[in-house]
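In case you want the letters, here they are:
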Amino acid sequence: MRMDRKGVIGMPVRLAVTFLVLAIAVPVLIDYVEDYRNGTEATGLMAQAEIVSDTAEKTFYSGEGGAFTAKISVGHGNRLVIGGQGSDAYAIRVFCGDEDVGRLVMDRPAVRIAGDGMSVSGERTLLFECVAYGAGCAVEVSVIA
């Protein structure tokens, strides 16, 4: 290997270009990985919301006095808000941390969740009961484990 003036000047330039490319590429890759992680986390939470919705629908169809249970697992720092006031009584809202990432509306059939709504996180077993509510029925949700 020959060491001349061209090699001594060329090596620092090559290193500088390499570090410049890395400095530009690494933040872009980190953002991409974080977006991918958040997307998969939101998809998993929506799957848990589907379990809640399906169980609420099954309970609603069973009529007054019907009861079912469902096991859900909502990761740390995330939560599902089941029911609420007004139009939220027919919805399950999905939160990743404090960010609202989705909403599942139970409109076919219009299953009303009785009460003021509840926030659920962690591994829980939920009890769904069909109760009389006004002129029809609603589903009451409670945590049993």
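Residues numbered from 1 in each chain as written. Predicted model: local features only at pLDDT ≥ 70, side-chain atom pairs only at ≥ 80, totals over all residues. Heavy atoms only, no water.

A.B. asks: How would you explain the side chain of Thr-55 if you had to name every residue and give the values?
C.D. replies: Checked against the element boundaries, Thr-55 lands in helix α1 (residues 5-62). Excluding residues that lie within four positions of it along the chain, Thr-55 makes contacts with Phe-68, Thr-69, Ala-70 and Phe-128. (Helix = DSSP H or I, 4+ residues; strand = E, 2+ residues; numbered from the N terminus. Contact = heavy atoms within 4.5 Å.)

A.B. asks: Before we move on, can you summarise the nonpolar core with the specific residues and values?
C.D. replies: Counting 23 residues, the largest nonpolar core has Val-52, Leu-80, Ile-82, Ile-92, Leu-126, Phe-128 and Val-141 as the members making the most contacts within it. If you list the elements that add at least two residues to this core, you get α1, β1 (67-74), β2 (78-82), β3 (91-96), β5 (118-120), β6 (122-133) and β7 (136-143). Here Val-141 is in contact with Ile-82, Ile-113, Met-118, Leu-126, Leu-127 and Phe-128, once residues within four sequence places are set aside. (Core = buried A, V, L, I, M, F, W, Y, C linked by side-chain atoms within 4.5 Å. Buried < 20%, exposed > 50% of the residue type's maximum accessible area, 1.4 Å probe, protein only.)

A.B. asks: I'd like to hear about the sheet that holds β1, residue by residue, with values.
C.D. replies: Strand order in the open sheet made by the three strands is β1-β6-β7, with antiparallel pairing throughout. This sheet does not close on itself; its edge strands, each paired only once, are β1 and β7. Averaged over all neighbouring strand pairs, the angle between strand axes comes to 30 degrees, with direction disregarded. Taken together, the eight bridges between β6 and β7 define a ladder with antiparallel strand orientation. Across the sheet, the residue bridging to Leu-127 is Ser-142, located in β7. (Pairing = 2+ DSSP bridges. Axes fitted to C-alpha atoms, helices over the stretch in contact; angles between N-to-C directions.)

A.B. asks: If you had to explain the side chain of Ser-53 to someone new, which residues and values would you point to?
C.D. replies: Position of Ser-53 among the secondary structure elements: in helix α1. A relative accessible area of 9% places Ser-53 in the buried class. Discounting chain neighbours no more than four positions away, the residues touching Ser-53 are Ile-92, Leu-104 and Met-106.

A.B. asks: Account for the sheet that holds β2, with residues named and values stated.
C.D. replies: Spatially, the four strands line up as an open sheet ordered β4-β3-β2-β5, and their pairing is antiparallel. For this open sheet the edge positions go to β4 (99-105) and β5, each flanked by a neighbour on one side alone. Put simply, the sheet's adjacent strands are angled 20 degrees from each other on average, direction ignored. Relative to β5, β2 is paired through three bridges, and the arrangement is antiparallel.

A.B. asks: Could you give me a rundown of the packing of aromatic side chains, with the residues and numbers involved?
C.D. replies: Considering all chains together, one arrives at one aromatic pair under this definition. Of note, Arg-79 hangs over the ring of Phe-95, and the distance from its end group to the ring centre comes to 4.2 Å. (Phe/Tyr/Trp six-rings, centres within 6.5 Å; stacked < 30°, edge-to-face > 60°. Lys NZ or Arg CZ within 6 Å of the ring centre and 35° of its normal.)

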